[in-house]
Amino acid sequence: MLFTIRNSFDEADLSALYEIEKECFAPEFRWAEPVFKSEVMAARQRNLVWVAYIGSKIAGFLVAGQEGNKLSMETCNTARIHRRKGVASKLIAAYEKAAKKAGIKEVKLEVFTENPAQVLYFSLGYRVCGFKRNYYGLKRHAVSMSKKL
């Protein structure tokens, strides 16, 4: 199957993207659907969304946020049936390549302390740079990670 990454998506794909969001996160961690759609559409306008396709099916997506000359990964989600196939790694590589091209020198992210994705981020060169107590709600802490590009 052909694997591609696009730096955009069709508005009709929003529901499919949200289904992946629901597969990846428990209700207390995921964005509510209206917030998700609003945030993803706003990110699309700033070219900060990457969508992975296997054939014509959406396999995953990455949404970034930007403040000034700082870029942060807001979420990187892979559909359950496509996990452990390198989808997230390829999405992150596309995001980092675009960031570097835009002159961004460092990228950041926050991840729940219990999220095993930390291992992936570490393997891709991200390093712990902070801790955010109660970031996801009471007793739900986050680790801040960053990577120099």
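Please refer to the structure higher up on the page.
Residues numbered from 1 in each chain as written. Predicted model: local features only at pLDDT ≥ 70, side-chain atom pairs only at ≥ 80, totals over all residues. Heavy atoms only, no water.

A. Region of the structure containing the overall build of the protein. Along its length, the protein carries 4 helices and 7 strands. Relative to its length of 149 residues, the protein is compact, with a C-alpha radius of gyration of 15 Å against a globular reference of 15 Å. When its C-alpha atoms are laid out on the principal axes, the protein stretches across 40 × 35 × 30 Å. Looking at the protein as a whole, 39% of its 149 residues are labelled buried. Contacts spanning at least 24 positions in sequence make up 57% of the contacts within the protein whose residues lie at least 6 apart. Counting only carbon and sulfur atoms, one obtains 52% of the accessible surface of the protein, whose full area is about 8,600 Å². (Helix = DSSP H or I, 4+ residues; strand = E, 2+ residues; numbered from the N terminus. Rg over C-alpha atoms; globule rule 2.2 N^0.38 Å. Buried < 20%, exposed > 50% of the residue type's maximum accessible area, 1.4 Å probe, protein only. Contact = heavy atoms within 4.5 Å. Areas by Shrake-Rupley, 256 points an atom, 1.4 Å probe, with all protein chains shown as cover.)

B. Quick peek at unusual backbone geometry. Positive phi, normally seen in glycine, also occurs at N47, with a value near 60 degrees. Inspection of the secondary structure puts N47 in the loop between α2 (33-45) and β2 (49-54).

C. Representation of the pattern of salt bridges. For the structure shown, the criterion picks out 6 salt bridges. Of the charged contacts, one joins R6 and D10 as a salt bridge, the two residues approaching to 3.8 Å between their closest N and O atoms. Judged by relative accessible area, R6 falls into the partly exposed class, the value being 34%. Between K132 and E110 there is a salt bridge, with the nearest N and O atoms lying 3.3 Å from each other. Taken together, the residues span a long stretch of sequence, with K132 in strand β6 (residues 127-132) and E110 in strand β5 (residues 106-112) at a distance of 22 residues. (Salt bridge = Lys/Arg side-chain N within 4 Å of Asp/Glu carboxyl O.)

D. Looking closely at the sheet that holds strand β3 (residues 57-67). Judged by pairing direction, the sheet is mixed, and its 7 strands sit side by side in the order β1-β2-β3-β4-β5-β7-β6 without closing on themselves. Each edge of the open sheet carries a strand with a single partner, namely β1 (3-6) and β6. The average undirected angle you get between the axes of adjacent strands in this sheet is 25 degrees. For β2 and β3, the ladder comprises 6 bridges, and the chain directions are antiparallel. Opposite A52, over in β3, you have G60 as the bridge partner. Against the sheet, helix α1 (residues 14-24) touches β2, β3 and β4 (70-78), its axis set at about 85 degrees to β3. Sitting on the sheet, helix α3 (residues 87-101) touches β1, β2, β3, β4, β5 and β7 (142-148), and the angle it makes with β4 is about 160 degrees. (Pairing = 2+ DSSP bridges. Axes fitted to C-alpha atoms, helices over the stretch in contact; angles between N-to-C directions.)

E. Representation of the packing of aromatic side chains. Applying the stated criterion across every chain yields a total of 9 aromatic pairs. Here W31 and F36 contribute two aromatic rings whose centre-to-centre distance is 6.0 Å and whose plane-to-plane angle is 55 degrees, an arrangement assigned as tilted. Residue class for W31 comes out partly exposed when judged on its relative accessible area of 24%. The exposure class assigned to F36 is buried, which follows from its relative accessible area of 0%. Each member of the aromatic cluster is reached from another via a ring pair, and the members are Y18, W31, F36 and F61. Here the guanidinium or amino end of R44 rests over the ring plane of F9, the centre of that ring lying 5.1 Å away. The ring of F122 carries the charged tip of R127 above its face, separated from the ring centre by 3.8 Å. (Phe/Tyr/Trp six-rings, centres within 6.5 Å; stacked < 30°, edge-to-face > 60°. Lys NZ or Arg CZ within 6 Å of the ring centre and 35° of its normal.)

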